[in-house]
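Structural overview for review
Chain by chain, the residues run as shown.
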Amino acid sequence: MNLLTWIIVAVFAFAGGFVQTVSGFGGAIVMMLAFPYFFPLKQAPALASAIGLGVSGSLMVTFFKKIDWKKCLVPTIIYTALSQITIFLIPYMNVNLMGVIYGVFLIFIALWYFFAAGKVSLKGTFGMLFSTFISGIACGLFGIGGPLMAVYYSDIIADKTTYLATIQFNFFFGNLISFISRIINGIYTVDLVKYTLFGFVFIWLGRQAGLKVLGKIDREALKKFIYVIVAASGVFSIIKYI
């Protein structure tokens with residue numbers, strides 16, 4: 001039993017719960033900054049997604065009455081379908097290729113945040129299809145489907161609580177179906193259960209911490225910090241797997 005692995009799961013699950021509660025997304029991003037270095041690349045997203053169900057599910061239940069069903073049903077269905085198709089292809093993918101794609105994707109979402117977020121609107125059918133296409137595939141491959149979906153939902157939903165409730169439904173439903181698919185495909189294995197249950201405790205603690213500062217913390221400053229780390233992690237991933 002590697003003590004460092006348990007510590008990493010605890011720290012990054014807590015940080016993921018905090019970030020997702022404050023910003024509406026980012027839990028999987030935070031966990032995936034570390035998990036691929038302690039778990040096989042194909043299993044790391046499965047673990048991050050499984051633990052992430054704890055925070056997205058609890059937030060969805062907490063703000064259930066505020067979910068905007070009309071605005072989330074179609075995007076959620078497309079997002080979920082694409083992630084399932086991608087998951088079924090993972091067993092046939094080369095690990096090194098996945099690692100390079102993962103690094104490129106991290107750099108892409110960091111660059112999107114710094115250069116396109118707030119300047120490019122994702123309202124409308126094209127914006128919805130673009131967001132769900134990229135996010136669904138990314139969710140299937142890496143367990144990270146949040147960044148563009150967050151931009152899309154924030155562009156079409158003005159109320160912060162409705163935004164938080166709606167995007168958490170999207171993530172919970174998509175990740176739940178993805179979790180089942182990963183079990184069926186042998187990606188999520190029995191040895192990950194103990195880490196998942198352990199992670200649930202700390203992601204919930206992170207959620208509680210996030211709720212205490214919700215509305216008080218500078219979300220944009222937090223996002224900038226996260227995306228700088230995301231970009232650096234993308235570079236390291238490319239170097240590692242190239």
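Residues numbered from 1 in each chain as written. Predicted model: local features only at pLDDT ≥ 70, side-chain atom pairs only at ≥ 80, totals over all residues. Heavy atoms only, no water.

Concerning empty space enclosed by the protein
Keep this limit in mind: Only protein atoms enter the 1 Å grid, on which a cavity is a set of points fitting a 1.4 Å probe that cannot get out and a pocket is an open set with protein on both sides within 12 Å along at least 5 of 7 lines, lining residues being those with an atom within 4 Å of a point. Grid points are joined across faces, edges and corners, and a volume is the space filled by probe spheres set on the points. Counting from the N terminus, the helices are DSSP H or I runs at least four residues long and the strands are E runs at least two residues long.
If you walk through the whole model with that rule in mind, you get 4 cavities of 30 Å³ or more. Counted as a void, the largest cavity has a volume near 150 Å³. Gln 20, Ala 28, Gly 143, Phe 171 and Asn 175 are, among the 21 residues lining the largest cavity, the residues nearest its centre. Counting residues per element, the ones that place at least two in the lining of the largest cavity are α2 (27–32), α3 (44–62), α7 (146–156) and α8 (160–184). Per element, the largest residue contribution to the lining of the largest cavity is 5 residues, and it comes from α3.

As for the nonpolar core
Note the threshold: Side-chain atoms within 4.5 Å link the members of a nonpolar core, which is a set of buried Ala, Val, Leu, Ile, Met, Phe, Trp, Tyr and Cys residues. Working definition: with a 1.4 Å probe on protein chains only, accessible area under 20% of the residue-type maximum means buried, over 50% means exposed, and in between means partly exposed. Residues are treated as being in contact if the distance between any of their heavy atoms lies within 4.5 Å.
Counting residues in each nonpolar core, the largest one holds 71 residues, and the members touching the most others are Phe 35, Ile 144 and Val 230. With 9 residues, α3 is the single largest residue contributor to this core. Not counting chain neighbours up to four residues away, the residues in contact with Phe 35 comprise Ile 8, Val 9, Phe 12, Ala 44, Leu 47, Ala 48 and Ile 51.

A few points about α7
The buried count for α7 comes to 8 of 11 residues, which makes it a mostly enclosed element. For α7, every residue scored as buried is listed here: Gly 146, Pro 147, Leu 148, Met 149, Ala 150, Val 151, Tyr 152 and Tyr 153.

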